[in-house]
Amino acid sequence: MNANAPKHAAKHSRKTHTPISVTPVIAIIGGSGFYELLGFEPDKPLSIQTPYGLVEGIEQGFWAGQPIVFMMRHGSGHKVPPHNINYRANMWALKTLGVRQVIAINAVGGIGEGCAPGALVVPDQIIDYSYGREHTFADVLTDKLNHIEFAEPYTPSVRRALLASATTLALPVITAGCYACTQGPRLETAAEIKRLQRDGNTLVGMTAMPEAALARELEIQYGAICIVANWAAGLSDQPITLAFIHQTLKEAVAKVQPWLQHYLSHYQ
């Protein structure tokens with residue numbers, strides 16, 4: 001499709017400092033447990049009307065000295081389940097704002113060796129098991145069918161930069177992984193996880209797709225940091241509890257925040 005999204009966004013603002021005069025290049029999409037950027041200087045919250053619906057609650061401002069956009073994938077208060085997220089509207093809104101790169105934060109279950117709770121992973125591959133989601137911009141609103149090249153769903157240059165930043169910080173990170181995107185919102189059965197293992201997946205989550213593919217259609221670079229919140233079903237003797245997941249995410253997010261700040265300061 002035409003990668004140039006229309007500039008017909010309706011906005012309202014709440015100014016807290018001198019408004020941004022530069023177009024933000026990077027967007028950070030926060031997933032489960034990642035609801036704020038510490039030290040973020042918001043300029044204005046935005047509501048953007050897209051051909052696919054209204055996107056509300058996007059924040060634009062400065063972080064680590066860079067103009068960025070911050071979006072909570074599940075909406076304010078974490079109310080939107082993975083299968084009901086309006087991925088097309090979200091990505092179209094970011095393109096409208098001039099975003100050229102997305103860093104997605106995903107909370108996931110661990111499948112592969114080493115992907116224990118608290119581990120940080122920069123994935124390189126995806127297998128999509130979701131269904132029924134609006135997964136492409138090739139529809140009645142466009143007159144062009146774009147067969148995107150998607151052999152590497154995560155932009156290699158973004159992955160390399162994220163890993164270089166982690167190395168500089170001496171932050172232990174798993175440098176590759178295959179993300180199994182399931183439908184949700186329920187967690188998987190032990191038998192389903194065994195199948196995902198056989199397919200070669202090392203992580204399981206619910207939001208990487210169609211987000212990554214839509215970014216590619218819009219020619220937006222896309223990278224991800226996955227936070228392992230728990231072992232996937234059947235891989236631990238301990239039951240999966242929300243209390244354990246929340247605590248694990250809280251501890252891991254404290255490491256991801258300075259990682260992202262370093263990345264923005266040194267690789268953009």
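**Student:** Whenever I open this one, the nonpolar core confuses me. Can you help?
**Tutor:** Soluble globular proteins: nonpolar side chains tend toward being buried together. Grouped together as the largest cluster of nonpolar side chains are 42 residues, with contacts concentrated most on Ile-58, Met-91, Leu-94, Val-102 and Tyr-179. Among the elements that take part in this core, helix α1 (residues 87–96) stands out by supplying six residues, more than any other. Dropping the residues within four chain positions of it, Leu-94 is found in contact with Ala-27, Ile-29, Val-69, Met-71, Val-99 and Val-102. With 31 residues, the next largest nonpolar core counts Phe-40, Ile-105, Ile-225 and Ile-227 among its residues.

**Student:** Even after reading the chapter, I still don't get empty space enclosed by the protein, so can you show me in this structure?
**Tutor:** The gaps of empty space that remain are located by a probe, the size of a water molecule, rolled over the atoms. A full pass over the atoms with the stated rule returns one cavity of 30 Å³ or more. Estimates place the volume of the largest cavity at around 30 Å³. Every residue lining the largest cavity is listed: Gly-30, Gly-31, Ser-32, Tyr-35, Met-72, Arg-73, His-74, Gly-75 and His-78. Its residues assigned to classes, the lining of the largest cavity comprises two nonpolar, six polar and one charged.

**Student:** I'm lost on the pattern of salt bridges in this one. Help?
**Tutor:** Throughout the structure, instances matching the rule amount to four salt bridges. Here Glu-211 and Arg-73 are joined by a salt bridge, their closest N and O atoms 2.9 Å apart. Here Glu-211 is found in helix α4 (residues 211–217), whereas its partner Arg-73 is found in the loop between β4 (66–72) and α1, with 138 residues between them in sequence. Judged by its relative accessible area of 3%, Arg-73 is buried. Among the salt bridges present, the one from Glu-149 reaches Arg-216, with a minimum N-O distance of 4.0 Å. Highlighted residues: Glu-149 in the loop between β7 (125–128) and α2 (156–168) and Arg-216 in helix α4, separated in sequence by 67 residues.

**Student:** Please explain the packing of aromatic side chains as it appears in this structure.
**Tutor:** How two aromatic rings sit relative to each other is set out by the distance from centre to centre and by the angle between their planes. Applying the stated criterion across every chain yields a total of five aromatic pairs. For the ring pair Tyr-52 and Trp-92, a centre distance of 5.6 Å and an interplane angle of 65° mean the geometry is edge-to-face. With Tyr-52 in the loop between β2 (41–50) and β3 (53–63) and Trp-92 in helix α1, this pair connects stretches of sequence that are 40 residues apart. Judged on exposure class, the residue Tyr-52 and its partner Trp-92 are both buried. Ring centres of Trp-92 and Phe-137 lie 5.4 Å apart, and the angle between their planes is 55°; this geometry places the pair in the tilted category. Taken together, the residues Trp-92 in helix α1 and Phe-137 in the loop between β7 and α2 connect sequence positions 45 residues apart. The pair formed by Trp-92 and Phe-137 is uniform in burial state, with each residue classed as buried. Aromatic rings pair up to connect Tyr-52, Trp-92 and Phe-137 into one cluster.

**Student:** Would you mind going over the environment of Ala-213 with me for this structure?
**Tutor:** Residue placement: Ala-213 occurs in helix α4. Judged by relative accessible area, which is 9%, Ala-213 ranks as buried. Remark: the alpha-carbon pair of Ala-213 and Tyr-154, spanning 59 residues in sequence, is separated by 9.3 Å. Not counting chain neighbours up to four residues away, the residues in contact with Ala-213 comprise Ile-148 and Phe-150.

**Student:** I would appreciate a short explanation of the side chain of Asn-201 in the present structure.
**Tutor:** When you line up the elements, Asn-201 lands in the loop between α3 (190–198) and β9 (203–205). For Asn-201, the side chain forms a polar contact with the side chain of Tyr-129, separated by 3.0 Å. Polar side-chain contacts of Asn-201 include one of 3.0 Å to the backbone oxygen of Leu-196. Among all residues touching Asn-201, those that are not within four sequence positions of it are Ile-111, Ile-127, Tyr-129, Cys-178, Tyr-179, Ala-180 and Leu-196.

Parameters at a glance
- Residues numbered from 1 in each chain as written.
- Predicted model: local features only at pLDDT ≥ 70, side-chain atom pairs only at ≥ 80, totals over all residues.
- Heavy atoms only, no water.
- Core = buried A, V, L, I, M, F, W, Y, C linked by side-chain atoms within 4.5 Å.
- Buried < 20%, exposed > 50% of the residue type's maximum accessible area, 1.4 Å probe, protein only.
- Helix = DSSP H or I, 4+ residues; strand = E, 2+ residues; numbered from the N terminus.
- Contact = heavy atoms within 4.5 Å.
- 1 Å grid on protein atoms, 1.4 Å probe; cavity = no way out; pocket = protein on both sides within 12 Å on 5 of 7 lines; lining within 4 Å.
- Points joined across faces, edges and corners; volume = space filled by probe spheres on them.
- Nonpolar A, V, L, I, M, F, W, Y, C, P; charged D, E, K, R; others polar.
- Salt bridge = Lys/Arg side-chain N within 4 Å of Asp/Glu carboxyl O.
- Phe/Tyr/Trp six-rings, centres within 6.5 Å; stacked < 30°, edge-to-face > 60°.
- Polar contact = N/O pair within 3.5 Å; in protein donor to acceptor, adjacent residues only side chain to side chain.

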